[in-house]
Amino acid sequence: QVQPVESGGGLVQAGGSLRLSCLASGRTFSNNAMGWFRQAAGNPREFVAVINWSGRDTRYADSVKGRFTISRDGAKTTGYLEMNSLKPEDTAVYYCAASSWYTGTPNAPSAFDYWGQGTQVTVSS
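Residues numbered from 1 in each chain as written. Predicted model: local features only at pLDDT ≥ 70, side-chain atom pairs only at ≥ 80, totals over all residues. Heavy atoms only, no water.

Overview of the packing of aromatic side chains
Summed over the entire model, instances satisfying the criterion amount to 4 aromatic pairs. With a centroid separation of 5.3 Å and an interplanar angle of 75°, the aromatic rings of Phe-37 and Phe-112 are classed as edge-to-face. Taken together, the residues Phe-37 in strand S4 (residues 34-39) and Phe-112 in the loop between strand S9 (92-98) and strand S10 (114-115) connect sequence positions 75 residues apart. Given the relative accessible area of 0%, Phe-37 is considered buried. Exposure remark for Phe-112: the relative accessible area of 5% places this residue in the buried category. Taken together, a centroid distance of 6.4 Å and an interplanar angle of 65° make the contact between Phe-112 and Trp-115 edge-to-face. (Phe/Tyr/Trp six-rings, centres within 6.5 Å; stacked < 30°, edge-to-face > 60°. Helix = DSSP H or I, 4+ residues; strand = E, 2+ residues; numbered from the N terminus. Buried < 20%, exposed > 50% of the residue type's maximum accessible area, 1.4 Å probe, protein only.)

Remarks on the side chain of Ser-21
Checked against the element boundaries, Ser-21 lands in strand S3 (residues 18-23). Here Ser-21 is in contact with Val-5, Glu-6, Ser-7, Trp-36, Thr-78, Gly-79 and Tyr-80, once residues within four sequence places are set aside. (Contact = heavy atoms within 4.5 Å.)

Right, here's the structure in full:
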């Protein structure tokens, strides 16, 4: 069983930066894809970024490409989402997710089995 735990959310002004962390453990987390999704109030959950099992392949939503960077540490127990040049439209609850099956870079929520509780990111204008 994998239980991702997010941290690092908060309130930041537009143009600022935040770094989210996702702590998880177990062979499932280290050997498979890890992703970040977000959900703004009244909107469905949307894909943000994903990293493959080795950490060498990534995929991003067009809305965050060039501003956000996903990574995972060498021990593959912690994943990160570095967010720069934040905009008010980035405001959402951000969720870390782990797949028990996919090793590549899926972007559908259905590819992920384990979800964290979420961390709030608020960007003020």
